[in-house]
Amino acid sequence: MKRIYTLTLAVLLLAGGSAMAQQVQQAQPGAVKTFTLEDCLQYALQNHVDIQNAALDQEIAKARIGDTRGSGLPQVTVASGLTYNPKLPRFFGTYTTPTENSTSFFGDIPGVPNGSILAAQNFFQLKSSGDASVTLNQMLFNGSYFVGLQAASAYKDWSYKNSAATQTTVIQNVTKAYYAALINNDRLTSLDANIARLDSSLRSTKIMNQNGFAESIDVQRLQVSYNNLVTDRDKFFNAKKITVELLKFQMNYPMEDEINVAGSIEDVQVMTDPASYASDFKYENRTDYQVMLSNQKLQALNVKNQYAGILPTLSIYGKTGYQTQSPTIGGLFKTTTKLPFESDMIGPDKWYNYSVIGLNFNWNVFTGLSRHYKIQQEKLSLQKINNNFRRLKSSIDLEVRQTALTYDNALKTLTSQKQNMELASNVYRVTKIKFEQGVGSNLEVVTAEADFRTAQNNYYGALFDAMVAKVDLDKAYGRLAGPTSTK
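Cut-offs and rules
Residues numbered from 1 in each chain as written. Predicted model: local features only at pLDDT ≥ 70, side-chain atom pairs only at ≥ 80, totals over all residues. Heavy atoms only, no water. Helix = DSSP H or I, 4+ residues; strand = E, 2+ residues; numbered from the N terminus. Expected span 1.5 Å × (residues − 1). Buried < 20%, exposed > 50% of the residue type's maximum accessible area, 1.4 Å probe, protein only. Pairing = 2+ DSSP bridges. Axes fitted to C-alpha atoms, helices over the stretch in contact; angles between N-to-C directions. Parallel < 35°, antiparallel > 145°, perpendicular 65-115°, else oblique. Left-handed = near helix turned anticlockwise from the far one by under 90°. Nonpolar A, V, L, I, M, F, W, Y, C, P; charged D, E, K, R; others polar. Core = buried A, V, L, I, M, F, W, Y, C linked by side-chain atoms within 4.5 Å. Contact = heavy atoms within 4.5 Å. pLDDT = per-residue confidence, 0-100. Polar contact = N/O pair within 3.5 Å; in protein donor to acceptor, adjacent residues only side chain to side chain. Salt bridge = Lys/Arg side-chain N within 4 Å of Asp/Glu carboxyl O.

With 35 residues, helix α9 (residues 442-476) should reach 51 Å at 1.5 Å per residue; the first-to-last C-alpha distance of 51 Å fits that figure. Across the 35 residues that make up α9, a large majority, 25, are buried.

Right under this line is the structure:
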């Protein structure tokens, strides 16, 4: 049993996400659904929070691209406003006495010396004014805009690769949890078979004791073994429920609903040749490596954007609108003045059209040390990512070697434990036959039965270790695949 609980604890330590889709229908309240490994993966890949958030990141990336592109399209601004000036500002000027050859803005004011500063009423502006306009601005050149387009596209690429990395983690954790539940199903079946076999031996030994062919201590030994096995079965049944709960957690399945695990450990492909993995291994197969590549590209664009900020910007704009003035706010909406004539200089009180066309050229010739240090910061950040690349490669190399060795050891252990279980089963069978024929002791039967159960526990533990090692090996080589419908 120690091996069983060690197995359960190992599974419980596999913390991770969960994830994406499910061809199986959503479970109705109270219904018990049966899941294969593919069903578990599909459900997790659709419902896990991490993957849902990764999908939202993809949508955010798409929106960011649209936002960046939109900033380069013509910008149209509609504006209108009313203004009322209770006190208009005065006009100031220097007084000059009019002569035959010159006039004065202020006219002839006797007694005012030349050079005096005078203030006159603002008769060029009325107290109320109104303006309604439409402005069109089109960017012609902006280096940061074009870099921003590249960065938005790179961010979208990063979001997809990050989503793939999240799915890999979810697949790894769900697969391990499923294997634990699957093995525990098979192990529970074996325990039931052992109990039935031991119960049969106990009943036959009781009959032999009643007929004088077996001693009471033989019955007692078998009874003790039977009681211990039933107790272990109850404990293991609870441990099995824990592994199913962990599977539901990894799938993000409602914890209050029950599920069954379908499939057989015989269908799990454990044996493979690690050499075939190494022959076509590339760092780019790893999703975490792909995410790092995207981060490197994004940071390189950050550096490029700092340089682009030094370049000038060029845009063209046009504005058209209507303007009017009146002594009062209400007068802005009245056009009652009648004139005997109109000219280019004089017209009635109404809204008059105006228009403007211009070209804007901006260039910050001297940005000072601020821009220099910003560029240095982005370059140093890029250098850190390059350093992390080297570290990631070393980490992948180590992981590949470790998982290959662990998998090789797990296969050797599995082969050995399978042989031991078969040998222990044969020893128990022969020992039981000898006892029933009166040429063996009951103690040998009890011992052989205990050895067989220990060999079974060791075999299932080794099988689970091999399954987990195979999953880790696939992940290390970038070959961990989800259900066929999600590829």
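This is not the end of the story, as more comes after the structure.
What follows concerns the sheet that holds strand β8 (residues 352-362). With antiparallel pairing, the four strands of this open sheet are ordered in space as β2-β5-β7-β8. Two strands close off the open sheet at either side, each with one partner strand: β2 (75-84) and β8. The mean inter-strand angle of the sheet, taken between neighbouring strand axes irrespective of direction, is 20 degrees. Where β2 meets strand β5 (residues 128-141), 10 bridges bridge the pair, whose relative direction is antiparallel. Each bridged residue has a counterpart across the sheet, and for Tyr84 the counterpart in β5 is Ser128.

As a packed pair, helix α4 (residues 143-210) and helix α5 (residues 216-251) sit with axes 9 Å apart at the nearest point and diverge in direction by 165 degrees. In terms of orientation, α4 and α5 fall into the roughly antiparallel class. Of the two possible hands of crossing, α4 and α5 adopt the one that is left-handed. Here the contact of α4 with α5 is built from residues that sort into 22 nonpolar, 12 polar and seven charged.

In this structure, Val174, Leu247, Met251, Val270, Leu463 and Met467 are the most contacted members of the largest nonpolar core, which totals 64 residues. Counting only elements with at least two residues in this core, the list comes to α2 (37-47), α4, α5, β6 (259-261), α7 (287-308), α8 (368-436) and α9. If near-sequence neighbours (up to four positions away) are discounted, Met467 is found in contact with Tyr179, Ile183, Ile265, Val268 and Val270.

What follows deals with the confidence of the model for the chain. Confidence in the prediction of the chain, expressed as mean pLDDT, is 85, and 91% of residues score 70 or more. Here helix α1 (residues 2-12) stands out as the least confident element of the chain, with mean pLDDT 40; α2 is the most confident, with 94. Contacts from residues 1-29, a stretch scored under 50 in pLDDT, to residues over four places away or in other chains number 97 contacts.

This paragraph deals with the side chain of Thr175. Counting through the fold element by element, Thr175 comes out in helix α4. A polar side-chain atom of Thr175 sits 2.6 Å from the main-chain carbonyl oxygen of Ile171. Sequence-distant contacts of Thr175, defined by excluding residues within four places in its chain, comprise Leu37, Leu41 and Val471.

What follows covers the pattern of salt bridges. Scanning the model with the defined rule gives 13 salt bridges in all. Of the charged contacts in the structure, one is a salt bridge between Lys176 and Asp472, with a shortest N-O distance of 2.7 Å. With a gap of 296 residues between them, Lys176 in helix α4 and Asp472 in helix α9 connect regions that are remote in the sequence. Here Lys470 makes a salt bridge to Asp474, at a shortest N to O gap of 3.1 Å. Of this pair, Lys470 and Asp474 both sit in helix α9, four residues apart, roughly one helical turn. The two residues Lys470 and Asp474 agree in class, both being buried. Residues participating in the shared-partner salt-bridge network are Arg286, Asp288, Glu399 and Lys475.

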